[in-house]
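Overview (structure and organization)
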Amino acid sequence: MKDRTLFEYTLALADDALVSAQRMGWWISRAPELEEDVALANIGLDQLGQARTLLTYAGELEGEGRSEDDLAYLRDDREFRNVKLVERPMTDFGVAMARLLVFSTYQLHLYRALATSRDQTLAGVAAKAVKEVAYHVDHAAHWVLRLGDGTEESHSRMQAALDAEWPYVDELFAPLAPSLAGRVADPAELRDAVLSDVRRVVTEATLSMPEVPSALGGGREGLHTEHLGYLLAEMQHLHRSHPGATW
Amino acid sequence: MSTRDWPLWEVFVRARRGLSHVHAGSLHAPDAEMALRNARDLYTRRGEGVSIWVVRASDIEASTPDERDSFFDPAADKIYRHPTFYDVPEGVEHL
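Let us look at the structure shown here. (Residues numbered from 1 in each chain as written. Chains lettered and ligands numbered in written order. Predicted model: local features only at pLDDT ≥ 70, side-chain atom pairs only at ≥ 80, totals over all residues.)

**With respect to the interface of chain A and chain B**
Each partner contributes to the interface: chain A provides nine residues, whereas chain B provides 12 residues. If you list the elements that add at least two residues to the side of chain A that touches chain B, you get α2 (34-62) and α6 (120-148) of chain A. The element contributing the most residues to the side of chain A that touches chain B is α2 of chain A, with four residues. (Contact = placed C-beta atoms within 7 Å. Helix = DSSP H or I, 4+ residues; strand = E, 2+ residues; numbered from the N terminus.)

So this is what it looks like as structure tokens:
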């Protein structure tokens, strides 16, 4: 392989987006209103689009002829490189908005930094994704504001959701492999900017930034929670049962 | 969160600069800001617009079918209101 670390880096970005998209899709038909179904589906599809381009590029970097479908549908959980933040169940609307706020704010800063990086392909993908992700941040922020600064119950549930997501935030900012320094965006350098953006929304929503210990990382090394296996079983079974199926 | 709490909004979309906002449909949203965002997702998915207005449906005063005769029929036989007496020079566009 030409560049193993760049392949892993690209795969990590792709898997974050892909797994998040799959979780977002769960909300279709389950959101509080039809309008919100559509909004969350749109967001999921944006993420899926990012994942597809990134997976295709990862396949090229690997140089073993794997397509986006091969990478999405024919890897097992140990081969996925996404953070645990995005793989855990997301069946509470407060949790969905808390996670989207954190994750999309992270993506926004990451893609902005990548858009000016030396890797032309990643820079191109990132430049296109920045506008999409900015809207995801906006959507999540508006809901966090309304739920946090809403009724007593919505406030306490929004705070509980933030607290539940927070142990998994740290993993987003794992430092870059040394051989990639200066070539792509370093997640560790984004921490202050991301957390300060999130804090602004959380504070305005009359919520408090959680102070909870971080959970064990490992997603980037393929060590996932049990939930990813179930997610992949649902996402992959059609392709595995009917290879190459199209409609 | 029940539907009862989410009012109905009417959505107007302007396709491009120079055109007017045209009624595109309606949606439910908890407030004006979210209504704008929902409208963006529902009515401009395929690049239909450059500007959106949302108006709370209950704020619109509409004519009723009962009033149709008194409102609109008298206009029908007043041909002098229609600019049909002018010759349009050839080559004039946008008329």
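**What to know about the sheet that holds strand β1 (residues 8-14) of chain B**
Residues and elements named next belong to chain B. Spatially, the three strands line up as an open sheet ordered β2-β1-β3, and their pairing is antiparallel. Among the strands making up the open sheet, the edge pair consists of β2 (21-28) and β3 (51-56). On average, adjacent strands in this sheet sit at an angle of 25 degrees to one another, irrespective of strand direction. In this structure, β1 lies alongside β3, joined through six bridges in antiparallel fashion. Across the sheet, Phe12 pairs through a bridge with Trp53, a residue of β3. Each of β1, β2 and β3 touches helix α1 (residues 32-43); the most contacted strand, β3, lies at about 130 degrees to it. (Pairing = 2+ DSSP bridges. Axes fitted to C-alpha atoms, helices over the stretch in contact; angles between N-to-C directions.)

**Some details on helix α8 (residues 191-204) of chain A**
Residue and element names in this part refer to chain A. Counted at 1.5 Å a residue, the expected span for α8 with its 14 residues is 20 Å, and the 20 Å between its end C-alpha atoms agrees. For α8, the full list of buried residues reads Val194, Val198 and Val202. Buried residues along α8 cover an arc of 65 degrees about the axis, so they all sit on one side. Exposed and facing more than 90 degrees away from the buried side of α8 are Asp192, Ser196, Arg200 and Thr203. Structurally, α8 contributes buried residues whose contacts are with α5 (93-115) and α7 (152-165). (Expected span 1.5 Å × (residues − 1). Buried ≥ 20, exposed ≤ 12 C-beta atoms within 10 Å, placed from the backbone. Arc of directions from axis to C-beta.)

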